[in-house]
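Chain by chain, the residues run as shown.
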Amino acid sequence: MTATRGLEGVVAAQSSICSIVDGVLCYGGINIDELAEHATFEEVVYLLWHGALPKRDQLDALKKQLGENAAVPQEVIDSIKSYPKGVHPMAALRTAVSSLALYDAEAQEMSPEANYRKSIRLMAQTPTLIAAFARMRKGLEPVAPNPSYSIAQNFLYMLTGEAPTETAVKAFDVALILHADHEFNASTFAARVTVATLTDIYSGIVSAIGTLKGPLHGGANEAVAAMLAEIGSVDEVESYIRQKLDNKEKIMGFGHRVYKDGDPRAKWLKQMSKALTAQIGRPELYEMSVKVEDMVTGEKGLKPNVDFYSASVYIALGLESDLFTPIFAISRMSGWTAHIMEQYENNRLIRPRADYTGPVNQHYVPIDRR
Ligand code: ACO
């Protein structure tokens, strides 16, 4: 038995949700470029869950269900209030989503219908949890969700209590579409491994959140924001990146396990970054990012991934940098739940083998003779 490090190139199962073929990313067979240009995030959620775009009445019904389920139990809000103020929002989200299960009467119910209802609740309530935590850590009261708002609009509204601009909602909605699914990425795979034991959907989502949190995965967008802040100005990019490359340090937001010729999502975020940073009068954020890209691509051949330009997009939208990965989780909740439901439909325990490299033929030695 020989191991494939990091399971690179290993096809772990069949899936009909999302494909990456020759660098082209599709949800349900539809190119991400078309979806980013024309779709809404709610249409994408439906597409991932049902394998086809919704008709108008189906979309209206989904939006109504998402709106009606956006409020979270008061017990969960009360418990978030008791979290230490300095904890990372991904740690808070991991705990809050786990506690949602405690107040869900269907938490252990395993029928496809119950899992679909729980997927709606998870999708609808994740933005509410994050916004509530973001406010309560500052000593502010949470803002109740508006059931008639879209997910993008509602999240931005719940953060501030003010109706967001149309431009902000549109940009945020496109960002949600771009992050919604990505076949067997680490967090989705973790979710599938978890539920393949036939445990409940909440357990699968908690695994996924914990996995997304890492800087080699979803945590990279926050790390990019920290890097831009450290660099500070366009003039400092060269020496900063030079030093990192000379020290063989990783540049966050670059490289990808699957895309070697560039991440198809990055161009959308790059163009949004240019427009939004100019609009808020901080074009240097975009200019710094482009200079970083030129150097890293020029010297290492590494292209920006989805996390690189999303950092400047979210900064331009006025979002706090430690909320960037939780925002990724809002979007990816659609993909995680789609994959969990697909896993349950055709389940087999996921249990690979290890290529053992430890000692052999050892014997038990009593403790006082070791
Ligand atoms: N900066 C500098 N060098 C890099 C980077 C980077 N961002 N990414 C890869 N490399 C180099 C590695 O050092 C390695 O070089 P070596 O062969 O000389 O040792 C080579 O490229 C291969 O890199 P691996 O880490 O083996 O590639 P892998 O496929 O395992 O990793 C990953 C992919 C984790 C995304 C990697 O590119 C990385 O760490 N990037 C930075 C973190 C990041 O942006 N993560 C977000 C990914 S997208 C997402 O999850 C949403």
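Residues numbered from 1 in each chain as written. Predicted model: local features only at pLDDT ≥ 70, side-chain atom pairs only at ≥ 80, totals over all residues. Heavy atoms only, no water.

## Considerations on the pairing of strand β1 (residues 18-21)
Inference 1: Alternating positions in β1 separate cleanly, Cys18 and Ile20 being buried on one face and Ser19 and Val21 remaining unburied on the opposite face.
Inference 2: Direction of pairing for β1 relative to strand β2 (residues 24-27): antiparallel, over a ladder of four bridges. Bridge pairing links valine 21 to valine 24 in β2.
Inference 3: Counted between consecutive antiparallel strands, the loop separating β1 from β2 contains two residues, among which aspartate 22 sits at a positive phi close to 50 degrees. (Buried < 20%, exposed > 50% of the residue type's maximum accessible area, 1.4 Å probe, protein only. Helix = DSSP H or I, 4+ residues; strand = E, 2+ residues; numbered from the N terminus. Pairing = 2+ DSSP bridges.)

## A short note on the UniProt feature "active site" (unreviewed entry) in the protein chain
Inference 1: As recorded in UniProt, the feature "active site" (unreviewed entry) lies at His256 and Asp307. Look at the named residues: they lie 52 residues apart in sequence, but the longest C-alpha span between them is just 10.5 Å, so in the fold they bunch up.
Inference 2: Structurally, histidine 256 is set in the loop between α12 (237-246) and α13 (266-279).
Inference 3: Of the residues examined, histidine 256 reaches a relative accessible area of 23% and is grouped as partly exposed.
Inference 4: The contacts of histidine 256, once residues within four sequence positions are left out, are His182, Asp263, Arg265 and Asn305.
Inference 5: Polar side-chain contacts of histidine 256 include one of 2.9 Å to the backbone nitrogen of valine 258.
Inference 6: Here aspartate 307 lies in helix α15 (residues 306-316). (UniProt positions renumbered as here; feature names shortened; annotations may be inferred. Contact = heavy atoms within 4.5 Å. Polar contact = N/O pair within 3.5 Å; in protein donor to acceptor, adjacent residues only side chain to side chain.)

## With respect to the pattern of salt bridges
Inference 1: A full pass over the atoms with the stated rule returns 16 salt bridges.
Inference 2: Across the pair lysine 267 and aspartate 33 runs a salt bridge whose closest N-O atoms are separated by 3.0 Å. Of this pair, lysine 267 sits in helix α13 while aspartate 33 is found in helix α1 (residues 32-38), placing the two residues 234 residues apart along the sequence.
Inference 3: Here aspartate 246 makes a salt bridge to arginine 242, at a shortest N to O gap of 3.5 Å. Separated by four residues within a single helix, aspartate 246 and arginine 242 lie in helix α12, roughly one turn from each other.
Inference 4: Under the relative-accessibility criterion, aspartate 246 is labelled exposed at 51%. (Salt bridge = Lys/Arg side-chain N within 4 Å of Asp/Glu carboxyl O.)

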